[in-house]
Amino acid sequence: MRLLITGGAGFIGSNLTLMARAAGHDVVVLDDLSTGYRDNLPADVEFVEASLLDATAVNKAVAGADSIVHLAALGSVPRSIADPMRSHDVNVNGTLGVLEAARANDVSHIVAASSSSVYGKNPALPKHEREWVRPMSPYAVTKLAGEQYLLAYQESFGIKSLAFRFFNVYGPRQRPGHVYAAVIPVFMDALLRGQPLPVNGTGEQSRDFTFVETVCSVLLQAATNKTSHDEPVNLAFGTNTSLLSLIDQLRDLTGIDPVVEHREPRRGDVPHSQADNASLRALFPEIEPVEMTEGLAKTWEWLSEWSRTR
């Protein structure tokens, strides 16, 4: 199979690239390296350095693909609040450009990343895909628009698709050290540096953390089997871990007793997140998630080594 991965030099994309290559697939990566890193990828991988908004480059990357996994996006709620137009251009217009290139090149299947942030103000737990959505940030709006474009192209043009709502993915190659970094690498990096762990709000807010290896196993199986669905699908396994509980788990893992520094809550942050995974289980019954204790241990090992060598 020839697989195009947009955003393939990023955190999830690079893990998927390595998994797909190990399974014997040909992989093309499209990434502008705005948030990804070339050294995340093997030197010999077919790599197109370009923006999603470069229609010529996107068309070149799409040509000949058997399936597309579309991960490229401008992530982060705070980034979208700081610059809503840029998030819209990349996440909405960029997704539309990938879909148009797929249509022009007769690519019959595409998997794309949406986000649990689309549920927004809906307080229901767990979150079912048929629950109402109420985005709280421009980022969440862009992910909702992107997934709906995917489903619309399936209905209008027959491009089989699967829109996954990612929850809180974590694991190796998720780097700290920038203003939009995710919570687990931020906490681990603070522990390694002997600094306080920054907690926005009380720490009672909860997340459905999912290990990147599990996410990539689902993505690769979806692309390989050209799995499609006529509704978005949550890609998480129904855990509900508060930030305070996460800190306790990191204390147990590392043997380091952290100092916690509480800060003001961030605008646009969803207070609680937990997936209903019935649809995911029905489509991928053999996938078993990596438990959080194991996932955190693998992440700590990677980040510790990365911190020593950077």
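A short note on unusual backbone geometry
(1) Moving on: A cis amide bond, omega -5°, links L125 with the succeeding residue P126.
(2) Moving on: With respect to the helices and strands, the residue P126 is situated in the loop between β5 (109–115) and α5 (138–157).
(3) Moving on: Phi is positive for R173, which is not a glycine, with a value near 80°.
(4) Moving on: Summarising the element assignment, R173 is placed in the loop between β7 (168–170) and α6 (183–193).
(5) Moving on: Its identity as a non-glycine residue notwithstanding, K226 has a phi of 50°, on the positive side.

Comments concerning the environment of N105
(1) Moving on: Considering the arrangement of structural elements, one finds N105 in the loop between α4 (84–104) and β5.
(2) Moving on: In this structure, the C-alpha to C-alpha distance between N105 and V45, residues 60 residues apart in sequence, is 22 Å.
(3) Moving on: When near neighbours in sequence (up to four residues on either side) are disregarded, N105 contacts N59, V62 and A63.

Some points on the sheet that holds strand β4 (residues 67–70)
(1) Moving on: Taken together, the 7 strands give an open sheet; going across it, the order is β3-β2-β1-β4-β5-β6-β11, and neighbouring strands pair in parallel fashion. The open sheet terminates on both sides in strands that have one partner only, identified here as β3 (46–49) and β11 (233–235). The mean inter-strand angle of the sheet, taken between neighbouring strand axes irrespective of direction, is 20°.
(2) Moving on: With 3 bridges connecting them, strand β6 (residues 160–166) and β11 associate as parallel partners. Along β11, the bridge assignment pairs R165 with N234.
(3) Moving on: Against the sheet, α5 touches β5 and β6, its axis set at about 160° to β6.
(4) Moving on: Most of the contacts of helix α7 (residues 212–225) go to β6, to which it runs at about 170°, and overall it touches β1 (2–6), β4, β5, β6 and β11.

A look at the packing of aromatic side chains
Two descriptors summarise a pair of aromatic rings, namely the distance from one centre to the other and the angle between the planes of the rings.
(1) Moving on: Considering all chains together, one arrives at 6 aromatic pairs under this definition.
(2) Moving on: Summarising the aromatic geometry, the rings of Y170 and F211 are spaced 5.4 Å apart at their centres and angled 55° between planes, so their arrangement reads as tilted. Linking Y170 in strand β7 with F211 in strand β10 (residues 209–211), this pair joins segments that are 41 residues apart in sequence. With respect to class, Y170 is no different from F211; both count as buried.
(3) Moving on: Look at W302 and W306: their rings are 5.8 Å apart centre to centre, the planes differ by 15°, and that puts the pair in the stacked class. Here W302 and its partner W306 are both found in helix α10 (residues 292–309), 4 residues apart, which amounts to about one turn of the helix.
(4) Moving on: One aromatic cluster is present, built from ring pairs that chain together Y170, F209 and F211.

Calculation criteria
- Residues numbered from 1 in each chain as written.
- Predicted model: local features only at pLDDT ≥ 70, side-chain atom pairs only at ≥ 80, totals over all residues.
- Heavy atoms only, no water.
- Helix = DSSP H or I, 4+ residues; strand = E, 2+ residues; numbered from the N terminus.
- Contact = heavy atoms within 4.5 Å.
- Pairing = 2+ DSSP bridges.
- Axes fitted to C-alpha atoms, helices over the stretch in contact; angles between N-to-C directions.
- Phe/Tyr/Trp six-rings, centres within 6.5 Å; stacked < 30°, edge-to-face > 60°.
- Buried < 20%, exposed > 50% of the residue type's maximum accessible area, 1.4 Å probe, protein only.

It is worth stressing that arrangement in space is one thing and function is another; only the former is reported here.
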